[in-house]
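Here is how the chains run, residue by residue.
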2 protein chains.
Amino acid sequence: MTLHFQHELGLLKEKLLTMAGLAEALVSRAMKALETRAPELAQLVPEEDDALDRLEIEIDEMAVLLLAKAPLASDLRLITAIMKISRDLERIGDEATTIARRAVELNLEPPLPPSPELRRLHESALAMLAQALEAFVRRDPVKARSVPPRDKQADTLNKQIHRHLTDLMARDAGTMNRCLHLMVVSKCLERIADHATNIAEDVVYLCEALDIRHTGKGESD
Amino acid sequence: MTLHFQHELGLLKEKLLTMAGLAEALVSRAMKALETRAPELAQLVPEEDDALDRLEIEIDEMAVLLLAKAPLASDLRLITAIMKISRDLERIGDEATTIARRAVELNLEPPLPPSPELRRLHESALAMLAQALEAFVRRDPVKARSVPPRDKQADTLNKQIHRHLTDLMARDAGTMNRCLHLMVVSKCLERIADHATNIAEDVVYLCEALDIRHTGKGESD
């Protein structure tokens, strides 16, 4: 029974990692579609986001069945953490879908000058996500704790991008639609950083049975 | 043991309803601050949002302890549903905080003409939330199923508001900052409607052990 339980728990973790890989790939693809002006890439994103949605449901179903059999409090924590992380991954897929849709719209008009801040925010959000997921795989609370402090940097980048785009619109009203699309893209990336932060906080809780959400403790080291 | 468990489960449900009442009050207060141009009202919102954050953590802690003792699959479903709903309520508090911050910014400049669409979106989002929570309290899947179809209407209103504000900025660049703030407020309301939809879907799952997320089934009746 316990061996069987451990096997099923292993399958649940594997499914979460499949979901994580897919979520990361979707964000990269959506941003590549935006940067290389490739609408055919963007069109694949909503379809793959459906796969992510299905995985979330499968994980929830497996998780509830496993909760009924979990012998240890640590297993309960792991299973509930997996359910939470899977919801964040699903939301990351939604953000990627929004980026992809905006990439399609942006391709209908001439390109604006590339934004180094947008690229930095993109890299930062993906790095935070990779770090949070690696912390989950290794059960590494030190690595997990290094993610939330980076969230402020993502917020700052988003605000800078927002300001630049507002200035650009003010100078040239013809760029308004494109600037508004890019503001949405920037906000999506900032939200992906938020989700990575949530995941990292769940990993700390998992490792230390301590809830660092909303305490600011995650920001202290 | 079972009586004790039922008592604790009752306390968990009560705490969720406290959280729900607070989340609803925060949204109303933030929108009132916006509509009546009352920055002193807006300033209370972030503080009360902290209370919401603490309640989410308390619910998570109680829920994990209860999961270990839950005798029935239906209890497991209820407890995991409560954890999910509490996360949505916490996010609603975050949206209310964003609205309140924008209300403070908007008060620094002369008012724009009131938007009937924004008022409709506000009323619609709060009505969806109230309906989803009532469906939870009554375990009423029919009422819960009536929420997701209204989400499309919220999306449409948000798009209309966005379009009107874009037109206004294009006609009068001096309104740009205010229009951008109002676009954020509108998006926050649209997200509150999304969270209400998530809650309603959790209630359907709870009542029927059927996952209607991402299937479009919620939209058929």
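The text that follows walks through the structure, step by step, so that each part is easy to find. Note that this is a predicted model, so its numbers are computed, not measured.

### Some words on the environment of A:R191
Summarising the element assignment, A:R191 is placed in helix α8 (residues 176-208). The buried category is assigned to A:R191, whose relative accessible area is 17%. Through-space distance from the C-alpha of A:R191 to that of A:D60 is 23 Å; in sequence the pair is 131 residues apart. If sequence neighbours within four positions are ignored, A:R191 has contacts with A:E95, B:E95 and B:R191.

### Some thoughts on the interface of chain A and chain B
Each side of the interface is counted separately: chain A has 34 residues, and chain B has 34 residues. For the pairing of chain A and chain B, the buried interface totals around 2900 Å² over both sides, and the portion due to carbon and sulfur atoms is 60%. Linking chain A with chain B are 10 salt bridges, by the criterion used here. A salt bridge links B:D88 to A:R87, with the nearest nitrogen and oxygen atoms 3.0 Å apart.

### Some thoughts on the packing of helix α4 (residues 73-106) of chain B against helix α5 (residues 116-138) of chain B
All names here are of chain B. One can describe the packing of α4 onto α5 by two numbers: an axis separation of 13 Å at closest approach and a directional angle of 160°. Viewed along their axes, α4 and α5 adopt a mutual orientation that is roughly antiparallel. Considering the relative orientation of α4 and α5, their crossing is left-handed. Contact residues: α4 offers L78, I82, I85, L89 and I92, while α5 offers L129, L133 and F136.

### Some thoughts on the environment of B:V45
Residue and element names in this part refer to chain B. With respect to the helices and strands, V45 occurs in helix α3 (residues 44-67). Along the primary structure V45 and D60 are separated by 15 residues, whereas in three dimensions their C-alpha atoms are 23 Å apart. Not counting residues up to four positions away in its chain, the partners in contact with V45 are L26, R29, A30, A96, T97 and A100.

### Some thoughts on empty space enclosed by the protein
For the coordinates displayed, the defined rule picks out 2 cavities of 30 Å³ or more. In this structure, the largest cavity encloses a volume near 130 Å³. Around the largest cavity sit A:T80, A:M83, A:K84, A:R87, B:T80, B:M83, B:K84 and B:R87, which together line it. Of all the secondary-structure elements, those providing two or more residues to the lining of the largest cavity are α4 (73-106) of chain A together with α4 of chain B. When the residues that make up the lining of the largest cavity are grouped by side-chain class, the tally is 2 nonpolar, 2 polar and 4 charged. Space inside the second largest cavity adds up to approximately 40 Å³. For the second largest cavity, the full set of lining residues is A:T80, A:A81, A:K84, A:D202, A:Y205, B:D60, B:V64 and B:M83. For the lining of the second largest cavity, the secondary structure elements donating two or more residues are α4 and α8 of chain A together with α3 of chain B. Among the elements that make up the lining of the second largest cavity, the one with the highest residue count is α4(A) (3 residues). Its residues placed into classes, the lining of the second largest cavity shows 4 nonpolar, 1 polar and 3 charged.

### Digging into the relation of the copies chain A and chain B
Each copy superposes on the other: chain A lies on chain B with an RMSD of 0.0 Å after a rotation of 180° and an axial shift of 0.0 Å. This pairing of chains is accounted for by a two-fold axis. When each C-alpha of chain A is compared by its distance to the rotation axis, A:L67 comes out closest, at 3.6 Å. Most of the interface of chain A is mirrored in chain B: 100% of its interface residues are interface residues there too.

How each quantity is defined
Residues numbered from 1 in each chain as written. Chains lettered and ligands numbered in written order. Predicted model: local features only at pLDDT ≥ 70, side-chain atom pairs only at ≥ 80, totals over all residues. Heavy atoms only, no water. Helix = DSSP H or I, 4+ residues; strand = E, 2+ residues; numbered from the N terminus. Buried < 20%, exposed > 50% of the residue type's maximum accessible area, 1.4 Å probe, protein only. Contact = heavy atoms within 4.5 Å. Buried area = accessible area lost by both parts, 1.4 Å probe. Salt bridge = Lys/Arg side-chain N within 4 Å of Asp/Glu carboxyl O. Axes fitted to C-alpha atoms, helices over the stretch in contact; angles between N-to-C directions. Parallel < 35°, antiparallel > 145°, perpendicular 65-115°, else oblique. Left-handed = near helix turned anticlockwise from the far one by under 90°. 1 Å grid on protein atoms, 1.4 Å probe; cavity = no way out; pocket = protein on both sides within 12 Å on 5 of 7 lines; lining within 4 Å. Points joined across faces, edges and corners; volume = space filled by probe spheres on them. Nonpolar A, V, L, I, M, F, W, Y, C, P; charged D, E, K, R; others polar. Least-squares fit on C-alpha atoms with pLDDT ≥ 70 in both.

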